[in-house]
Amino acid sequence: MAIKECGSHHSHSSGCRKFLPVIILFVILFVIILAVFLVWVVLQPSKPRFHLQEAIVSNFNISGNPLNILNSNFQVSISSENPNDKIGIYYDRLNVYATYHNQQITWQTAISPTYQGHKETKVWSPIIGGNSVPVSSVIGLPVVEDQPGMIELKIYLFGQIRWKVGSMITGEYHLHVNCPASINVGNSAAGVMVGKNAMKYKIAQPCSVDV
């Protein structure tokens, strides 16, 4: 009925022509969104796979009275594998830090943004730690008790990623990676000396990933 009115009355037809570009724009946007959705459904992208490969420990001690000032220095190697053969991944605003007994013990370290191609593996080796980091006195005694043996850390990586399908790039998705790290600092045979007071430990532990 609206089309007839546009064809019958000159004033109405000029008004219809005014809205025509807007209608065309909405149609084009709808087609693009539908195409991206269909490609997304057909390709079914898989989230990246992360592994904590190794850690270099050069400092891990606590002081104060009560014991609530922690000094630490770690260099961790984290690998990320893109399992998709037709989808690339943009990593934006990545940060990494360590926790001990469910408490953050290092400052956050930023990882430079990067692009990961199809079936490509990236390896990052950020240094994380902090001097005179205030922590709860509850973890003071565990630090002292664990140092002669095994320390159980968790390395967290978080940020945003975007998927690249052909020439199309999606919006940002939140990325959360949790890497458990069991480091036997009390056994010198478990690591390799790589510098003054620095030991490198092989971990080779898969990480949990949430996107």
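Residues numbered from 1 in each chain as written. Predicted model: local features only at pLDDT ≥ 70, side-chain atom pairs only at ≥ 80, totals over all residues. Heavy atoms only, no water.

Named according to an unreviewed UniProt entry, the protein is NDR1/HIN1-like protein 12 originating from Camelina sativa. Recorded in UniProt for the protein, the comment headed Subcellular location (unreviewed entry) runs: "Membrane". (UniProt positions renumbered as here; feature names shortened; annotations may be inferred.)

(A) The arrangement of the nonpolar core in detail. In this structure, Phe50, Leu52, Phe60, Ile105, Ile155, Leu175 and Ile183 are the most contacted members of the largest nonpolar core, which totals 42 residues. Once you skip the residues sitting within four places of it in the chain, Ile183 turns out to touch Ala55, Val57, Gly149, Met150, Ile151, Leu153, Tyr201 and Ile203. (Core = buried A, V, L, I, M, F, W, Y, C linked by side-chain atoms within 4.5 Å. Buried < 20%, exposed > 50% of the residue type's maximum accessible area, 1.4 Å probe, protein only. Contact = heavy atoms within 4.5 Å.)

(B) Structural detail: the pattern of salt bridges. Following the criterion strictly, the structure yields five salt bridges and no others. For Lys202, the salt bridge is made with Glu54, and the minimal N-O distance between the two is 3.4 Å. Placement of the pair is Lys202 in strand S13 (residues 198-206) and Glu54 in strand S1 (residues 49-63), with a sequence separation of 148 residues. Judged by its relative accessible area of 15%, Glu54 falls in the buried class. A salt bridge links Lys122 to Glu120; its shortest N-O distance comes to 3.5 Å. (Salt bridge = Lys/Arg side-chain N within 4 Å of Asp/Glu carboxyl O. Helix = DSSP H or I, 4+ residues; strand = E, 2+ residues; numbered from the N terminus.)

(C) The arrangement of the packing of aromatic side chains in detail. Counted under the stated rule, the structure contains seven aromatic pairs. Seen from their ring centres, Phe60 and Phe74 are 5.9 Å apart, and the 50° between their planes marks the pair as tilted. Linking Phe60 in strand S1 with Phe74 in strand S2 (residues 69-81), this pair joins segments that are 14 residues apart in sequence. According to the relative accessible area criterion, Phe60 is buried, its value standing at 8%. Residue class for Phe74 comes out buried when judged on its relative accessible area of 1%. Geometrically, the ring pair formed by Tyr97 and Phe158 is edge-to-face, given 6.1 Å between the ring centres and 70° between the ring planes. Linking Tyr97 in strand S3 (residues 87-100) with Phe158 in strand S9 (residues 150-165), this pair joins segments that are 61 residues apart in sequence. Through a chain of ring-to-ring contacts, the aromatic side chains of Phe50, Tyr91 and Trp124 assemble into a single cluster. (Phe/Tyr/Trp six-rings, centres within 6.5 Å; stacked < 30°, edge-to-face > 60°.)

(D) Layout of the confidence of the model for the protein. When the pLDDT values of the protein are averaged, the result is 87; 89% of them are 70 or greater. With pLDDT under 50 throughout, residues 1-7 is counted as low confidence; its partners more than four residues away or in other chains account for four contacts. (pLDDT = per-residue confidence, 0-100.)

(E) Expanded view of unusual backbone geometry. Of note, the bond from Asn65 into Pro66 is cis; its omega dihedral lies within 30 degrees of zero at 5°. Within the chain, Asn102 stands out as a residue other than glycine whose phi angle is a positive 65°. If you trace the backbone, Asn102 turns up in the loop between S3 and strand S4 (103-104). Unlike most non-glycine residues, Ser132 shows phi in positive territory, near 55°. With respect to the secondary-structure elements, Ser132 resides in strand S8 (residues 127-134).

(F) How the structure looks around the pairing of strand S11 (residues 173-184). Pairing of S9 with S11, which is carried by 12 bridges, proceeds in the antiparallel orientation. From the neighbouring strand, Glu152 faces S11, where its bridge partner is Ser182. (Pairing = 2+ DSSP bridges.)

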